[in-house]
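Each chain is listed here by its residues.
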Amino acid sequence: MSGRTWTKTGYIMPELTLDIIIVSAILIASLSLLITEIIAVDKTAMGIMVALAITGILSPAETISGFANPAVITVGAMFLLTHALIRTGAVGFISERILHFSKGNKTRAIILILSTVAIASAFINNTPVVVLFIPIVMGLSCECDFSPSKLLIPISYVSILAGTCTLIGTSTNIIVSDLSTQFGFEPLTMFELSRVGIPIAIIGGIFLFFISPRILPGRTAPVCEMDETKLNRYIAELIVSRNSPLIGEEHIIEHAREQLGLSVIEVFRNGNIFDPVRSLIAIKQGDIFLVKGSAEDIVLCLKKQTLELAHGEEGMAFGHGLKDDLIIELIVPPMSRLLREKLLSTKLQNDPEIKIIAIRSRRHHYSYRKIKSVKLKIGDTILVRCPREKLSKIRNSNEFIVIEDIHHSMIDTEKARMAAIIFVGVVLFASTGFADILICSLTGVFLMTLTHCLRLKDAYRSLESEVLLLIVGTIALGLAMQKTGATRLYADAFLSLFDGKNPDTVLFGVILLSSLCTHILSNNATAVLLLPIAVTTAASLGADPKPFIIGICFGASACFATPIGYQTNLLVYGPGRYRFSDYMKLGLPLNIMVVVLSALLIPFFWPFFTPI
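Residues numbered from 1 in each chain as written. Predicted model: local features only at pLDDT ≥ 70, side-chain atom pairs only at ≥ 80, totals over all residues. Heavy atoms only, no water.

A. Just the confidence of the model for the protein, in detail. Scored by pLDDT, the protein comes out at a mean of 78, with 79% of its residues at no less than 70. Note that pLDDT drops below 50 for residues 225-231; the model gives that stretch 14 contacts with residues more than four away or on any other chain. A low-confidence stretch, residues 405-411 (pLDDT under 50), is modelled with 21 contacts involving residues beyond four sequence positions or located in other chains. (pLDDT = per-residue confidence, 0-100. Contact = heavy atoms within 4.5 Å.)

Written out as structure tokens, the structure reads:
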């Protein structure tokens, strides 16, 4: 690749052609749609390919070349392997050990959880790991008496940090490794990233362990009493009646606990959610409380007409009438088939034994009467009442996560040992270079199916087709940017900001740019779009592109300052009852730490210039 063009008067930008203008327009439109999510991500990906084909920027074969890309196949295979490990209980067994070894000690439990999440996320996709540990954290918060909101964001962050430690820790690393070979460079080895990833993960984990309890809010777990041996306490939504003595009360948490025996978790007003721990608000008529309490206390409160059942819950009873009923919270995970479906069109609504009470979507609360048009998104939390025997049906559907469900039994646990052996074999063969990671992962899936550790019919949903289609679409866009010269134009424009700067500074800029982009795009899309720019930038400097390629791996995964840039951040948003600012307060310093440490450590292991 040629360097930048200079004359006596200074730097000359490359010629701006019609093809570059068209590709830039498609890029801007794509970024806007991916950020706003006006339409589904997979539809945006298909739109990218259609636009590039119709405009003639890419040939039909080039447009769909991403479907045959080894990175896409490898990522899909890793999704299937992860599903097999979760399904057989190979990972769940570890979580059960944590429950056993914690022995009610809060500090020990937190260390064990963070360590286990980190180790698991270094080798399997971190989204199902976090899905698995959300109920564990909620359960341990009851057994060890700590607030789950102190730990849910940290497990998401630790899973992201650990994902950068190995080639298969995150799909981004696999994509970067494969795309770098298209530029003529060697693929990344299994533990090549560990030299930088492990120190950063350790430092980040220590930071989270000591700082998160000081910064994150202390929130009460809504439901702890799933064990039949415990005294049942219930979740209910109660509305402030016209003549309620609570009207005007500002210290509602203390008042409700002392006078009513109820724990107030949240206050809903006009569809907005207020945290009574943080915000002192004067109670008004029509305010809705999400409360937890014994059947006797709730019934007594209703008899006194201090509060009333909200949202038309006629026939709602507590205690002996519904002794086998539970009021539980469900989260919508990334692999749910119900994403973007209307809640009232789901099986939950059609089951006469299950009653939907309400749904919360990020910072908004919708009562039963207002959820007719609400479509489900990742991380939405649904409050339902259902018979205890329905729990197994709900959890086995894989459409929802039962937040408080930590006492469930795994499926096909007798296959756990076989699944673990196969996965360890995949890692060993890939890391020793005996076979390519693509061959190893496909072989692993094949063996999982032969040994019945994996049923493909059930596993296809774990492929996360949205993610795979997004990768294919952005690969096509990246190819178009290279073909038209847009990549070189953007690289030169970016490099012009660092005129006269050394490669260390430029590398810092590349990592910082990747981190900023991954907060508004997916990490995979960021890697695909910025890798060509990073390689071209390195060539313009006359430096080895390898440090910049590694920098993209770490920058594209450095997404800690917002809940919307990474699926795991969004998953813990509802259960932890967080605010956007919680991610900023804890994630921003962690983000800066990761970017700076990456920029300092990468050149030490991958020099810019080969010594003569």
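B. Representation of the nonpolar core within the structure. Formed by 155 residues in total, the largest nonpolar core has its most connected members in Leu-52, Ile-113, Ile-155, Leu-477 and Phe-548. Top contributing element to this core by residue count: helix α18 (residues 465-484), with 11 residues. In this structure, Phe-548 is in contact with Pro-503, Val-506, Leu-507, Val-510, Ala-534, Ala-538, Leu-541, Ala-543 and Phe-608, ignoring residues within four places of it in sequence. Listed in part, the 18 residues of the second largest apolar core include Ile-253, Leu-260, Ile-281 and Ile-283. (Core = buried A, V, L, I, M, F, W, Y, C linked by side-chain atoms within 4.5 Å. Buried < 20%, exposed > 50% of the residue type's maximum accessible area, 1.4 Å probe, protein only. Helix = DSSP H or I, 4+ residues; strand = E, 2+ residues; numbered from the N terminus.)

C. Representation of helix α1 (residues 18-36). The end-to-end C-alpha distance of α1 is 27 Å, a good match for the 27 Å that 19 residues give at a rise of 1.5 Å each. Residues Ile-20, Val-23, Ser-24, Ile-26, Leu-27, Ser-30 and Leu-34 constitute the buried set of α1. For α1, the arc enclosing every buried residue in end-on projection is 165 degrees, short of the 170-degree limit, so these residues lie on one face. Along α1, the residues that are exposed and aim more than 90 degrees away from the buried face are Leu-18 and Ile-28. (Expected span 1.5 Å × (residues − 1). Arc of directions from axis to C-beta.)

D. Expanded view of the pairing of strand β4 (residues 263-269). In terms of burial, β4 is a largely internal element, six of the seven residues being buried. Direction of pairing for β4 relative to strand β5 (residues 272-274): antiparallel, over a ladder of three bridges. Considered in β5, the bridge of Arg-269 is made with Asn-272. (Pairing = 2+ DSSP bridges.)

E. Molecular detail of the packing of aromatic side chains. Under the criterion given, the structure shown has seven aromatic pairs. On the basis of an interplanar angle of 90 degrees and a centroid distance of 5.0 Å, the ring pair of Phe-209 and Phe-210 is categorised as edge-to-face. Linked through ring pairs, Phe-604, Phe-605 and Trp-606 together constitute an aromatic cluster. (Phe/Tyr/Trp six-rings, centres within 6.5 Å; stacked < 30°, edge-to-face > 60°.)

F. Structural detail: the side chain of Asn-524. Assignment of secondary structure puts Asn-524 in helix α21 (residues 523-541). A polar side-chain atom of Asn-524 sits 3.0 Å from a polar atom in the side chain of Thr-172. (Polar contact = N/O pair within 3.5 Å; in protein donor to acceptor, adjacent residues only side chain to side chain.)

G. Local environment of helix α2 (residues 41-54). The terminal C-alpha atoms of α2 lie 20 Å apart, and with 14 residues this matches the ideal 20 Å at 1.5 Å per residue to within 8%. Those residues of α2 that fall on the buried side of the exposure criterion are Val-41, Thr-44, Ala-45, Ile-48, Met-49 and Leu-52. Angular distribution of buried residues about the axis of α2 spans 140 degrees; they occupy a single face of the element. Within α2, the exposed residues directed more than 90 degrees away from the buried face are Lys-43 and Ile-54. Those residues of α2 that are buried lie in contact with α1, α3 (60-63) and α18. Following α2 by one or two positions, Gly-56 adopts a phi angle in the positive range, close to 80 degrees.

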